[in-house]
Amino acid sequence: MCVGISAKVVGIKDGTALVDANGARRTVSAYLLDELEPGDFVMIHAGSAIAKITDEDESETDALLEDL
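Residues numbered from 1 in each chain as written. Predicted model: local features only at pLDDT ≥ 70, side-chain atom pairs only at ≥ 80, totals over all residues. Heavy atoms only, no water.

Trainee: I would appreciate a short explanation of a negative patch on the surface in the present structure.
Mentor: A grouping of Asp55, Glu56, Asp57 and Glu60 is seen on the molecular surface, where their side chains present a negatively charged patch. Along the chain, Asp57 falls in helix H1 (residues 55-67). (Patch = residues over 30% accessible without salt bridge, like charges linked within 9 Å, V, L, I, M, F, W, Y side chains within 5 Å. Areas by Shrake-Rupley, 256 points an atom, 1.4 Å probe, with all protein chains shown as cover. Salt bridge = Lys/Arg side-chain N within 4 Å of Asp/Glu carboxyl O. Lys, Arg positive; Asp, Glu negative; His and termini not counted. Charge placed at Lys NZ, Arg CZ, Asp CG, Glu CD. Helix = DSSP H or I, 4+ residues; strand = E, 2+ residues; numbered from the N terminus.)

Trainee: Got a minute to help me understand the nonpolar core in this structure?
Mentor: Buried together is how nonpolar side chains tend to be arranged in soluble globular proteins. Residues Ala7, Val9, Ala17, Val19, Ala21, Val28, Ala30, Leu33, Leu36, Val42, Ile44 and Ala49 constitute the largest nonpolar core, which totals 12 residues. Those elements that provide at least two residues to this core are strand E1 (5-13), strand E2 (16-21) and strand E4 (41-45). A total of three residues in this core trace back to one element, the largest contributor, which is E2. Val28 has contacts with Gly15, Thr16, Ala17, Val19, Ile44, Gly47, Ser48 and Ala49, leaving out every residue within four places of it along the chain. (Core = buried A, V, L, I, M, F, W, Y, C linked by side-chain atoms within 4.5 Å. Buried < 20%, exposed > 50% of the residue type's maximum accessible area, 1.4 Å probe, protein only. Contact = heavy atoms within 4.5 Å.)

Trainee: What exactly am I supposed to notice about the environment of Gly4 here?
Mentor: Locating Gly4 in the fold gives a position in the segment before E1. Residues Gly4 and His45, 41 residues apart in the sequence, show an inter-C-alpha distance of 4.9 Å. Aside from chain neighbours lying at most four places away, what touches Gly4 is Met43 and Ile44.

Trainee: Before we go on, may I ask you to explain the pattern of salt bridges in this structure?
Mentor: In a structure, side chains of opposite charge can pair up when their charged atoms sit close to one another. For the coordinates displayed, the defined rule picks out two salt bridges. Notably, a salt bridge pairs Arg25 with Asp20, separated by 3.4 Å at the nearest N-O pair. By relative accessible area, Asp20 is classed as partly exposed at 22%. Of the charged contacts, one joins Lys52 and Asp40 as a salt bridge, the two residues approaching to 3.6 Å between their closest N and O atoms. Of the two residues, Lys52 sits in strand E5 (residues 48-53) while Asp40 sits in the loop between strand E3 (24-29) and E4, which places them 12 residues apart along the sequence. Take Lys52: its relative accessible area is 42%, and that puts it in the partly exposed class. Judged by its relative accessible area of 19%, Asp40 is buried.

Printed below as a string of structure tokens:
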């Protein structure tokens, strides 16, 4: 089973994105997604942003992870 973490994009530079996942900031690859902007929500897996998600998806993911 693979686990993806939702995060908010804080900044983008040279194919990487600085993301914030519940206060934890890290740099991830942004090469898989087109037109990524600061403020977007993404799903992170294995050091890469793999999908854009809505803020509703992000809230639901956070709630599920808190339950675990």
